[in-house]
Amino acid sequence: GAVVSQHPSRVICKSGTSVKIECRSLDFQATTMFWYRQFPKQSLMLMATSNEGSKATYEQGVEKDKFLINHASLTLSTLTVTSAHPEDSSFYICSASPLGSAHYEQYFGPGTRLTVT
Amino acid sequence: EDQVTQSPEALRLQEGESSSLNCSYTVSGLRGLFWYRQDPGKGPEFLFTLYSAGEEKEKERLKATLTKKESFLHITAPKPEDSATYLCAVQARGGGATNKLIFGTGTLLAVQP
C-alpha cells in the first residue's frame, strides 16, 4: 500500500519550453501533496505544498509563476516548470499524505529527472 | 528555527559490522520523526515514524530509537544491499497534514562484502 507514481521518470527539454510532471497516489487518496527538488548529493528541498482544490503554498524563494502546481483531485497533482532554463535541471520528487491519516506520514514518488538543454 | 543534523555524512562498513547513524534535531514541538532510505536516482522509501521519547521501532536489520534531542538508526549485521542514503526528517506540531517535513542532509552508507 501507499504507492505514489510520477510521470515521466526522465525528461529532456529545450531551454524556454515548459514541462509538466504528474504525481499520482495509486492506492490511497491524498489531501495534501508536496513537491521537492533535490540537487546531486544534497537533501530534499521543499518547493511547495498543495491541497486538493486550493492554491499551493510555496516556500520562500520558489517562484510560483515559474513552478505551477495544480492539485485537481485527491489522487493527482501536477507540477509545470514554465520557460525552463538549464538551472532548472534537477531531480523533482513528489510526496503524498494519506487522507484521514492520524500520523501525517508522507510517501514519496520515484522522482523525475529533468534536464534542460 | 527547526533544524535537523545528521552524522556522520558518510559511513563505510564491512558486511556484518554493526553501527549507528545519528539524527539530532531542534523543533518547536515534535509531531513525529521520520526515517527514510533513498537509493541513487530514486525517491525516498519510508522506514519508520517515531512520535515520543523512548519509542523504538524495528524492521529487519534496522532499529530506530528516539530521545528528546536525537534519534538513532541502528544497523545490525548489515549487508551490501543496505547500502543507501538514510534520511531523517522531523515534523512540527500544528497545521495538520500540511505540516512540512524538515530533512537532514542524510548519511551515505556503504556496506562492503
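The structure displayed is predicted, hence computed values, not measured ones. (Residues numbered from 1 in each chain as written. Chains lettered and ligands numbered in written order. Predicted model: local features only at pLDDT ≥ 70, side-chain atom pairs only at ≥ 80, totals over all residues. Heavy atoms only, no water.)

Student: If you had to explain the overall build of chain B to someone new, which residues and values would you point to?
Tutor: On a plain count of helices and strands, chain B comes out with zero helices and 11 strands. The C-alpha atoms of chain B give a radius of gyration of 14 Å, which matches the 13 Å a tight globule of 113 residues would have. The principal-axis extent of the C-alpha atoms belonging to chain B is close to 45 × 30 × 20 Å. When the 113 residues of chain B are sorted by exposure, 46% land in the buried category. Expressed as a percentage of contacts within chain B between residues at least 6 apart in sequence, the contacts between residues at least 24 apart total 55%. Of the roughly 5,500 Å² of accessible surface on chain B, a fraction of 48% belongs to carbon and sulfur atoms. Between the centroid of the 13 positive side chains of chain B and the centroid of its 14 negative side chains there is a distance of 5 Å. (Helix = DSSP H or I, 4+ residues; strand = E, 2+ residues; numbered from the N terminus. Rg over C-alpha atoms; globule rule 2.2 N^0.38 Å. Buried < 20%, exposed > 50% of the residue type's maximum accessible area, 1.4 Å probe, protein only. Contact = heavy atoms within 4.5 Å. Areas by Shrake-Rupley, 256 points an atom, 1.4 Å probe, with all protein chains shown as cover. Lys, Arg positive; Asp, Glu negative; His and termini not counted. Charge placed at Lys NZ, Arg CZ, Asp CG, Glu CD.)

Student: Before we move on, can you summarise the pairing of strand β8 (residues 76–81) of chain A with the specific residues and values?
Tutor: All names here are of chain A. When you tally the buried positions in β8, you get six out of six residues, the bulk of the element. Burial of the side chains of β8 extends over both faces: L76, T78 and T80 are buried on one face and S77, L79 and V81 on the other. Sheet analysis places strand β3 (residues 19–25) next to β8, joined by six bridges and oriented antiparallel. Each bridged residue has a counterpart across the sheet, and for C23 the counterpart in β8 is S77. Alignment of strand β7 (residues 67–73) against β8, held across five bridges, turns out to be antiparallel. Across the sheet, the residue bridging to I69 is L79, located in β8. Hairpin remark: β7 followed by β8, antiparallel, with two residues in the connecting loop. (Pairing = 2+ DSSP bridges.)

Student: Break down the packing of aromatic side chains for me, with residues and values.
Tutor: Inspection of the entire model under this criterion finds 10 aromatic pairs over all chains. Ring centres of F67 of chain A and Y92 of chain A lie 6.4 Å apart, and the angle between their planes is 40 degrees; this geometry places the pair in the tilted category. A residue pair is termed long-range when its members are at least 10 positions apart, and F67 of chain A in strand β7 and Y92 of chain A in strand β9 (residues 90–98) qualify at 25 residues. On the basis of relative accessibility, which here comes to 0%, the residue Y92 of chain A falls in the buried class. Taking 5.9 Å as the distance between ring centres and 45 degrees as the angle between the ring planes, the aromatic pair formed by Y36 of chain B and F103 of chain B counts as tilted. Remark: F103 of chain B occurs in strand β10 (residues 102–103) and Y36 of chain B occurs in strand β4 (residues 30–38); sequence separation between them is 67 residues. Neither residue differs from the other here; Y36 of chain B and F103 of chain B are each classed as buried. (Phe/Tyr/Trp six-rings, centres within 6.5 Å; stacked < 30°, edge-to-face > 60°.)

Student: Please set out unusual backbone geometry residue by residue, giving values where relevant.
Tutor: The linkage connecting H7 of chain A with the following residue, P8 of chain A, adopts the cis geometry, with an omega of 0 degrees. In this fold, P8 of chain A is placed in the loop between β1 (4–7) and β2 (10–13). Cis geometry marks the peptide bond from S7 of chain B to P8 of chain B; its omega dihedral reads -10 degrees. Its location among the elements puts P8 of chain B in the loop between β1 (3–7) and β2 (10–14). Backbone geometry at E60 of chain B places phi at a positive 55 degrees, although glycine is not the residue there. Residue position: E60 of chain B is located in the loop between β6 (56–59) and β7 (62–66).

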